[in-house]
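Per-entry structural report
Each chain is listed here by its residues.
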Amino acid sequence: MDPPFNEIYKTLLYNQITNTERDVPEIPFSFSVTAVVEEVELPVIDVSRLIHGAEKEREKCKEEIARASREWGFFQVINHGISMDVLEKMRQEQIRVFREPFDKKSKSEKFSAGSYRWGTPSATCLRQLSWSEAFHVPMTDISNNKDFTTLSSTMEKFASESEALAYMLAEVLAEKSGQKSSFFKENCVRNTCYLRMNRYPPCPKPSEVYGLMPHTDSDFLTILYQDQVGGLQLIKDDRWIAVKPNPRALIINIGDLFQAWSNGMYKSVEHRVMTNPTVERFSTAYFMCPSYDAVIECSSDCPAYRNFSFREFRQQVQEDVKKLGFKVGLPRFLNHLY
Ligand SMILES: C=C1C[C@]23C[C@@]1(O)CC[C@H]2[C@@]12CC[C@H](O)[C@@](C)(C(=O)O1)[C@H]2[C@@H]3C(=O)O
Ligand SMILES: O=C(O)CCC(=O)C(=O)O
Ligand SMILES: [Fe+2]
């Protein structure tokens, strides 16, 4: 069932020891179970006010969304419109698909090639290993799927309800940053988005390995549905903090594209997932992405980033991960004219 994490752990540990013996400089671990990370409740926003609220309530809600996106890059939404039924079904289907034998998952033809991922193929040391497996699925795989399984129909429902929420939030954020809110319905259609099912198996060495290594998301915004195990952490005011799970809420985070498009107003914040020694954890993410040809162009007279297409951005991320072992991301696109 589990991918061969123990084997890869041993190989990377061996590399680390031999590198130390050969005096290859090692970057010290930046985390350990003994390091205390404060657990906090992210800002909670009742988004039903956007639909049912009076004018004043709606404005207040919009301001809360914009403020959390500027100050945290992360927030939680309640009364979000995604039905409990769809969320529960999604989780059941996800558990079922990950229960399949590793061989079956890695050769799975359910989704396009490369959708099933585990660990970090480019890792050269333990710090770069993610102790998790995922199905990172382009929505085109679901829409074009002809064998209507419960998995694909559940993913389709999850995506369509997430899409409605994502449009609503993205349009508020566009309005509050003086950008065109029509951009999203024109450029981020169902088939350009991604759905990612994550599973974090228990890890016997939680102080040495991440569940998911630190990263920012390469999208406009992410909607995350997580279980109650906990483990998600993010940077706030230069410190790692742990997110307290809230069963009623979905987590929203700003991705790289929104940071560039809003000229740095909204923050794409680094986050990571810690492992748990005894309990497995599941999460599902909906990534709101534009088409590969869409150009990320901010309307400011003094743009911090040069214009770039989503294709260019993805290619650069993939190239960096392959060559350097990590994602450089937005700093690659800084506008050096200013
Ligand atoms: C090795 C990596 C692949 C990844 C960027 C990273 O440096 C670390 C995490 C990975 C991740 C996880 C969430 C998203 O699926 C993703 C697109 C992202 O932004 O960070 C992937 C990156 C990727 O697959 O390119
Ligand atoms: O599982 C989580 O809590 C976070 C997942 C995540 O960051 C991602 O899939 O990009
Ligand atoms: Fe992420």
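This text follows the structure it describes.
A quick note: this is a predicted structure, and the numbers were derived from the prediction, not measured.

1. As for the sheet that holds strand S9 (residues 232-236)
If you trace the 5 strands from one edge of the open sheet to the other, you get S1-S10-S9-S12-S7, paired in mixed fashion. A single partner strand is all that each edge strand has here, and the edge strands are strand S1 (39-40) and strand S7 (210-215). One ladder, built from 3 bridges, connects S9 with strand S12 (residues 271-274); its direction is antiparallel. Across the sheet, the residue bridging to Leu 234 is His 271, located in S12.

2. Structural notes on the site of ligand 2
Taken together, 13 residues lie around ligand 2, and Tyr 200, His 215, His 271, Arg 281 and Ser 283 are the ones closest in. Here His 271 contributes a side-chain N or O atom positioned 3.1 Å from an oxygen atom of ligand 2. Ser 283 is positioned with one of its side-chain polar atoms (N or O) 2.7 Å from an oxygen atom of ligand 2. Protein contacts shield 97% of the accessible area of ligand 2, which totals 290 Å² for the unbound molecule. Listed by contribution, the elements that provide at least two residues to the shell around ligand 2 are strand S6 (194-200), S7, S12 and strand S13 (281-288). In the shell around ligand 2, the residues fall into 6 nonpolar, 4 polar and 3 charged.

Conventions and cut-offs
Residues numbered from 1 in each chain as written. Chains lettered and ligands numbered in written order. Predicted model: local features only at pLDDT ≥ 70, side-chain atom pairs only at ≥ 80, totals over all residues. Heavy atoms only, no water. Pairing = 2+ DSSP bridges. Helix = DSSP H or I, 4+ residues; strand = E, 2+ residues; numbered from the N terminus. Near = heavy atom within 4 Å. Polar contact = N/O pair within 3.5 Å; in protein donor to acceptor, adjacent residues only side chain to side chain. Areas by Shrake-Rupley, 256 points an atom, 1.4 Å probe, with all protein chains shown as cover. Nonpolar A, V, L, I, M, F, W, Y, C, P; charged D, E, K, R; others polar.

All quantities given are derived from atomic positions and should not be read as evidence of function.
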